[in-house]
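Results of the structural survey
Single-letter residue listing:
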Amino acid sequence: MINMLRHGIFKGILRRANRTCYSVVCRPASSQGNQIRLPEGPTLQDFIQQSKPDTKQIPNVKQNAELPYLPKDASLGGGKKVFFEIYGCQMNTNDMEIVWSILKAHKYQRVGNINDADIVLLVTCAIRDGAEGTVWNRLKHLRQMRDKREESNKPMLVGVLGCMAERLKNQLIEKERAVDVVAGPDSYKDLPRLLSIGQTGQKAINVMLSMDETYADIIPLKLDKKSRTSFVSIMRGCDNMCAFCVVPFTRGRERSRPISSIKEEVLYLQAKGIKEVTLLGQNVNSYRDMSGNQEGSEKQATILADGFKTVYKTKIGGLRFSELLTELAETVPDMRIRFTSPHPKDFPKEVLQTIARYPNVCSSLHLPAQSGSNTVLERMRRGYTREAYLSLVSEIRALIPDVTLSSDFICGFCGETNEDFAETISLIRLVKYHNAFLFAYSMREKTTAYRRYKDDVPEDVKKRRVGEMIQAFRAGAGELNAQYVGLEQLVLIEGYSRRSKNDLCGRNDGNVKVVIPAGDVPYDDLHGPSRKTIVSGDYVVVRITESSSQILKGIPLYHTSISQHAQRLAADGCAQQELQL
C-alpha cells in the first residue's frame, strides 16, 4: 500500500472513492530513495466503509464521516482565527452566516482584522464578469500577503467559496497559488474537513451540487450583531434556465426548506431582537415545501401569473409561497417580512392577495423585467412577453395600491438592436420603478446563450445603453418619491446616517431609504408625556418633507409598532368613511 501511495497509483483510487474532494494524501519519495513511513496507513477498505461520526457532539450541524488519513479531531479548528470577505448578493451574506455557524461549532474563532487571521474565506459571485474580476484581483493581493506571512513563519490559509468556486474550481487552484480550499454552495458542511486537509499543505476541493441540501438544520450566526434586520434562506437553486443566467449551474436545481424549519428560525431571530427578515432564494416565490404529506396538496399544480410559462413541466403538490407568507405573517405580526429575488411568473393572484392582506408583509415587490423587447425576451427564455409583464404590473397596482416596484434590466444581450433597446427604455419609463439594478450583459460559460448565441454588442454600446437606462430610471424614481411628500410613513430605523451622526436612517414599507434627525419622540399616544430616544430597531412614524430619486427626508412623529400602526390606519379609514357618509 505504501508503494502504491509513493508512485501515485492510490491517488486515483482515492478520487474515485471520494469524488467530492481533490486532495493528495502524501507526497512521493524523492529520487534519493527516502522512505515514507506511515504509522497506521489506510487500506482500501477504510475508504469504502467509513465509520459513522457522533453527530450529537455538535448540535444543529450534520458531521461528515471521519477520514482514516486524518486525526480524529482534525475537523476541529482548535481556536484558529477566520476572516470573512463577502462578494455579491444577499444570498452570499446568508451563506457566510451559515459557514460561520458551522465553523464556530467546530471551535474556530472569527476575527475582524485580516492581519490576525489564520484562514481567509471569500464567498464569491459568478453572475457577471466584473464580479469575478474583483475576486481575481483580491486573490493576487492575498498571495502577496501570504508570501510575506510565510517569511515570518505565520502561514495563512485561503479558501474560495460560493458560485465562483463551483464555476472555476480548477482555475482557482492552478492560476492562483494563494488558494488552498475551494468549496461550492452545497458543500459548506464539508468545510471543516476541507480546511483540515488544506492545513496539511494540500489542496482540497468540494463543489458537488446537491439535489436536497438546504441547510435547514443549521441556524446561521449573524455577522453584524448590531443590525435589526436579517436574511432567511427559504430555498436554493433555480429551474428557470434563463439563457443569460449561470445560477442553475452554480447553485443547482430548486429545493425548498420545510415551513416548520423557516418558522423556527424566524422565531429565533425575533427572540434575538430582529425586527425585519428578508426571505431569500434564487427564485424565492417558486417556493414549494414538499417535506410532508399535506392533505390535498398532492393534486395542486403550480399556478402562474396570467400570460407566463416555464421551460420545465408543471410541478405538483407541496405548500406554496402564499402559504409560507401567511404562516410567517401570523406567527410574527410585529416583524416585517420581505423577500427576494422573485420571478414575475410566480405572482399569481393568491400571492398578491396575501401580500395585501397582512400589514407586516411589505408592499415592496421586485419584478425583474430584464428587457422590454419581445424579441430579446424570447432569446432570454424568460417565459413572457412585454404585454404579459405590463398586465401583471397593472394587476399588482390594482390589488396593492401602495406597492413599490423594483426591477432588473440587462442591456446589450446577444443580438439586441437599437430598436430592441428602445423598447427597454420605454418600459422603464412606462412602469416607473422605485429601485432598479441595471447591468450590461456579460457572457457566462455553460449558459444557453454561450452555446447558441454570439456576444455581438460592442462594449462601448453597452456602456452607453447602461447610462441611458440609469437616466430613465432616475426620472421615474424621482416622480414616484415626490408623491411621498406630506404623507406619514412607518419607518424601521437601521442606524445612523452615513453622512452625519446627527441623523438616523431607515426604510419605509416600500423599501425606500428615509433620513430623519436623531432625538426623542413620544410613544403611540401623541399627547402623552412619555418620550423615548430613537434607536436602531425602532418603528417610528415619519412625516415626509423632502424627496429625491434615491432618498426621502422627514420629521419623526412618534414610536409605534406594525400592529398599532395598522390599527390606527384602520381607525382613520373608518372615520374617513363616516365623514363621507
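Our subject is the structure that appears above.
Just so it is clear, the structure is predicted and the values come from calculations on it, not from any experiment. (Residues numbered from 1 in each chain as written. Predicted model: local features only at pLDDT ≥ 70, side-chain atom pairs only at ≥ 80, totals over all residues. Heavy atoms only, no water.)

**Considering the pattern of salt bridges**
To be explicit about the condition: Should a side-chain nitrogen of Lys or Arg be within 4 Å of a carboxyl oxygen of Asp or Glu, the pair is scored as a salt bridge. Numbering goes from the N terminus for both helices and strands, where a helix is a DSSP run of H or I of at least four residues and a strand is a run of E of at least two. Only protein chains enter the area calculation, which uses a 1.4 Å probe; residues under 20% of their type maximum are buried, those over 50% are exposed, and those in between are partly exposed.
Enumeration according to the criterion identifies 28 salt bridges in this entry. We note a salt bridge from Arg 465 to Glu 416, for which the minimum N-O separation is 2.7 Å. Here Glu 416 lies in the loop between strand E15 (404-411) and helix H15 (418-431) and Arg 465 lies in helix H17 (residues 459-482), a separation of 49 residues in the sequence. You'll find Arg 465 and Glu 416 in the same group, each marked buried. Residues joined by salt bridges that share partners form a network here, namely Asp 239, Arg 253, Glu 254 and Lys 315.

**A look at the nonpolar core**
Soluble globular proteins tend to pack their nonpolar side chains together in the buried interior. Going by this rule: What is meant by a nonpolar core is a set of buried Ala, Val, Leu, Ile, Met, Phe, Trp, Tyr and Cys residues, joined one to another through side-chain atoms within 4.5 Å. Whether two residues are in contact is decided by their heavy atoms, any of which lying within 4.5 Å being enough.
Counting 57 residues, the largest nonpolar core has Ile 234, Leu 279, Phe 321 and Leu 365 as the members making the most contacts within it. Ignoring any residue separated from it by four or fewer positions in sequence, one finds Phe 321 in contact with Ile 234, Leu 279, Val 284, Asn 285, Tyr 287, Phe 339 and Val 351. If you look at the next biggest cluster of nonpolar residues, it comprises 25 residues, including Trp 100, Ile 102, Tyr 188 and Tyr 215.

**Regarding the packing of helix H10 (residues 259-271) against helix H11 (residues 321-331)**
Test applied: Inter-axis angles, ranging from 0 to 180 degrees, are taken between N-to-C directions of lines fitted to C-alpha atoms, where helices are fitted over the stretch in contact. Convention used here: angles under 35 degrees read as roughly parallel, angles over 145 as roughly antiparallel, angles from 65 to 115 as roughly perpendicular, and any remaining angle as oblique. When the near helix sits turned anticlockwise from the far one by under a right angle, the crossing is termed left-handed; a clockwise turn instead gives a right-handed crossing. Three classes are used: nonpolar for Ala, Val, Leu, Ile, Met, Phe, Trp, Tyr, Cys and Pro, charged for Asp, Glu, Lys and Arg, and polar for all others, with Gly counted as polar.
Where H10 contacts H11, the two axes come as close as 11 Å, and the packing angle between them is 30°. On the basis of the axis angle, H10 is roughly parallel to H11. Crossing handedness for the pair H10 and H11: right-handed. Residues Ile 259, Ile 262, Lys 263, Val 266 and Leu 267 of H10 pack against Glu 323, Leu 324, Glu 327, Leu 328 and Thr 331 of H11. Of the residues contributing to the contact of H10 with H11, the split by class is six nonpolar, one polar and three charged.

**Notes on the sheet that holds strand E22 (residues 539-547)**
The cut-off we apply is this: Pairing between strands requires that DSSP locate at least two bridges from one strand to the other.
Strand order around the closed barrel formed by five strands is E17-E18-E19-E23-E22, with mixed pairing between neighbours. Across this sheet, the average inter-strand angle for adjacent strands is 50°, counted without regard to direction. Where strand E17 (residues 488-496) and strand E18 (residues 503-508) come together, five bridges link them in antiparallel fashion. Bridged to Ile 493 within E18 is Gly 506.

**Some points on the state of the cysteines**
For clarity, the cut-off: Our working definition of a disulfide is a cysteine sulfur pair at a distance within 2.5 Å.
A complete count under the given rule lists zero disulfides for this structure. Residue Cys 89 stays outside any disulfide, its sulfur separated by 6.0 Å from that of Cys 125, the closest cysteine. The structure places no disulfide on Cys 242, whose sulfur is separated from the nearest cysteine sulfur, that of Cys 245, by 6.2 Å.

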